Amino acid sequence: MTRCLSLMVGVAVAGTWLLGGGVLSADAQTEIALTVENHRFQPEEITVKAGTPFVLVITNKDKSPEEFESHDLRIEKVIPAGKTVRLKMPALKPGTYGFVGEYHAQTAKGRIVAE
Amino acid sequence: MGATFVITLREAFEASLILGIVYTYLEKIEARDNYRYVTWGGVLGLLVSVGMGIGVGYLSGPLLDLGPDLVGAAVIFAAVGLLTWHAWWMQQHARAIRGQVQHRIDEARAAQRLWMVGLIAFTGVFREGAETVLFLWGIMAQAASPDGWGSLLGGATGVATAAALGWAIFHGGKHLSLSKFFAVTTVFILLLAAGLFSTGIGRLQGLGFLPLGEPVWDTSALLSDRTVLGSFLTGLVGYRARPSALEAIGYVAYLVTAAGLIWGRGFRSGDGQRQPAISIASRPDPGPTAKVASQRATAVRGDTDSTARGPANSS
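The numbering scheme is per chain: residues are counted from 1 as the chain's sequence reads. Each chain is given a letter, starting from A, and each ligand a number, starting from 1, according to the order in which they appear as written. Confidence filtering applies because this is a predicted model: local features only for residues at pLDDT of at least 70, side-chain atom pairs given and counted only at 80 or more, and all residues used for totals across whole chains, interfaces and linings.

## Some words on the overall build of chain B
Argument step 1. Starting at the N terminus, helices and strands are each numbered in turn, a helix being any DSSP run of H or I of at least four residues and a strand any DSSP run of E of at least two. Within chain B one finds 11 helices and 0 strands.
Argument step 2. The order of α-helices and β-strands along chain B, N terminus first, is α-α-α-α-α-α-α-α-α-α-α.
Argument step 3. In this scheme the burial state of a residue depends on its C-beta neighbours within 10 Å: 20 or more other such atoms mean buried, 12 or fewer mean exposed, and anything in between means partly exposed; the C-beta positions come from the backbone. Sorting the 315 residues of chain B into buried and exposed places 39% on the buried side.
Argument step 4. By definition, residue pairs are in contact when their C-beta atoms, positioned from the backbone, come within 7 Å. Residue pairs at least 24 apart in sequence account for 80% of intrachain contacts in chain B once pairs closer than 6 positions are excluded.

## Things to note about the environment of Ala105(A)
Argument step 1. Positionally, Ala105(A) belongs in the loop between strand S8 (95–101) and strand S9 (109–114).
Argument step 2. According to the C-beta neighbour criterion, Ala105(A) is partly exposed, with 17 such atoms within 10 Å.
Argument step 3. Not counting residues up to four positions away in its chain, the partners in contact with Ala105(A) are Val100(A) and Ala3(B).

## Details of the packing of helix H1 (residues 2–28) of chain B against helix H7 (residues 178–206) of chain B
Residues and elements named next belong to chain B.
Argument step 1. A fitted line through C-alpha atoms represents every axis, and for helices the fit uses only the stretch in contact; the resulting angles, taken between N-to-C directions, go from 0 to 180 degrees. At a closest axis distance of 11 Å, the pairing of H1 and H7 adopts a crossing angle of 155°. With respect to each other, H1 and H7 are oriented roughly antiparallel. Considering the relative orientation of H1 and H7, their crossing is left-handed. Only Leu 178, Phe 181, Thr 185, Phe 188, Ile 189 and Leu 192 of H7 make contact with H1, whose side of the interface consists of Leu 17, Ile 21, Tyr 25 and Lys 28.
Argument step 2. Residue composition of the contact of H1 with H7, grouped by class: 8 nonpolar, 1 polar and 1 charged. Geometric relationships in this document are graded by angle, where less than 35 degrees denotes roughly parallel, more than 145 denotes roughly antiparallel, 65 to 115 denotes roughly perpendicular, and other angles denote oblique. The crossing is said to be left-handed when, going from far helix to near helix, the turn is anticlockwise and less than a right angle, and right-handed when the turn is clockwise. Each residue gets one label: Ala, Val, Leu, Ile, Met, Phe, Trp, Tyr, Cys and Pro are nonpolar, Asp, Glu, Lys and Arg are charged, and the others, such as Gly, are polar.

## What about the nonpolar core?
Argument step 1. Counting residues in hydrophobic clusters, the biggest one holds 53 residues, and the most contacted among them are Val22(B), Leu83(B), Ala121(B) and Ala193(B).
Argument step 2. When residues of this core are traced back to their parent elements, those giving at least two are H1, helix H2 (35–55), helix H3 (62–97), helix H5 (115–141), helix H6 (146–174), H7 and helix H9 (245–270) of chain B.
Argument step 3. Examining the composition of this core, we find that 13 residues originate from one element, H3(B), more than from any other.
Argument step 4. Only buried Ala, Val, Leu, Ile, Met, Phe, Trp, Tyr and Cys residues enter a nonpolar core, and they are joined through C-beta atoms within 7 Å. Counting 30 residues, the second largest nonpolar core, distinct from the first, contains Phe68(A), Val78(A), Val100(A) and Leu134(B).

## Side note on the interface of chain B and chain A
Argument step 1. Between chain B and chain A, the contact holds 31 residues from the first and 30 residues from the second.
Argument step 2. Every element with two or more residues in the side of chain B that touches chain A is listed here: H1, H3, H5 and H7 of chain B.
Argument step 3. With 13 residues, the top contributor of residues to the side of chain B that touches chain A is H3(B).
Argument step 4. Partitioning the side of chain B that touches chain A into residue classes produces 19 nonpolar, 9 polar and 3 charged.

## Description of helix H8 (residues 228–237) of chain B
Residue and element names in this part refer to chain B.
Argument step 1. Looking at H8, one finds that the buried residues are Gly 230, Ser 231, Thr 234 and Gly 235. The arc enclosing the buried residues of H8, seen along the axis, measures out at 135°, which places them on a common side.
Argument step 2. Following H8 by one or two positions, Gly 238 has its phi on the positive side, about 75°. It is the directions from the helix axis to the C-beta atoms whose arc is reported.

## Overview of the sheet that holds S9(A)
Residues and elements named next belong to chain A.
Argument step 1. Pairing in this open sheet of 5 strands is mixed, and the strands run S3-S9-S8-S5-S6 from one edge to the other. Of all strands in the sheet, those with a lone pairing partner are strand S3 (45–48) and strand S6 (75–79), marking the two edges. Within this sheet the neighbouring strands show an average axis-to-axis angle of 20°, counted without direction.
Argument step 2. The criterion for strand pairing is that DSSP finds at least two bridges linking the strands in question. The pairing of strand S5 (residues 66–70) with S8 spans 2 bridges and is classified as antiparallel. When the sheet's bridge partners are listed, Glu 69 is paired in S8 with Val 100.

Here it is as structure tokens:
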């Protein structure tokens, strides 16, 4: 019981610490813009340099929320209507990484090509 | 319609599974009065999900970039902690109520901690709740078109199917014997929690807090975790079609640790006092010290017996 609680507190403390680190280290990285409009991504293909972390700046121009999801990259990120989010992306190995807008997966599809 | 059905079914299945398990647990320990903890926990989880779904639209900057994700990751690990605690407690409880005292549940002790079960219900619903709310909200916005109505119907059917599955678990669980129910649910909960733990690791990888790396295996051609069956297995036992090394290691490490915590301790604390005498007696050739010890043990037992018999004889 006590162990469980201290575990939870530990996770919370670690989370806060990581939040600080995450925000600070987000500076000075290449930013790539991605737009959601009419439930489609624009552009649908993003080319990045392999081995270099970058920031994906996603703007949702639709009137409903969208969820940027990349199963391969373990990313699930809700972008509320009319909002912009900045997603820190890891250094990728050369290859193609698909993503979808989960709320409109039939139309909202795209891929990141790392080369 | 089919796509939205799969999505909401997947999102709501885990919550429904958890609610089914905790309701049945309360039914089993004859604490039906305490259903309200689970109901309140679930309702509160739903309300907070709606609140977060709306609230997230008012966030911006780093708070929007990371805030919801950190809350999401924290909820996952909190759920893992709570489920582990619940499994551990059930195991302790199972030992206490085994045998003659099967029906003498210590209500006071139970009531004292049952609010924790409500917390489990809360995390279970809240975990995917906000996402499901936003998703349903999104398809409701398009409901004007004929296609939109189909999507909405699919989404609603998905949630209803998940709820029906939770109900089926509740109904099925009611007919199991108490000890069987405890044994089965403990295993169930540990597998579910192991899957959640590995999901939590995946989230931390997605947030860049842990390295991702290559998948250890790829069974997505055989059974993708985006299909209905794959989704069920993901919710039930934490199935992954393309797990990363850390996710797979986390899954196994959690199971080993939790099983050790729950069953390992039980062996030591179960019949702690009698164990030394038994182990000495069962040795093929006990040494002189052991003989003395076992004689002492017999003597002590004899004393206790005569004391116990004492009053009966005198009356």
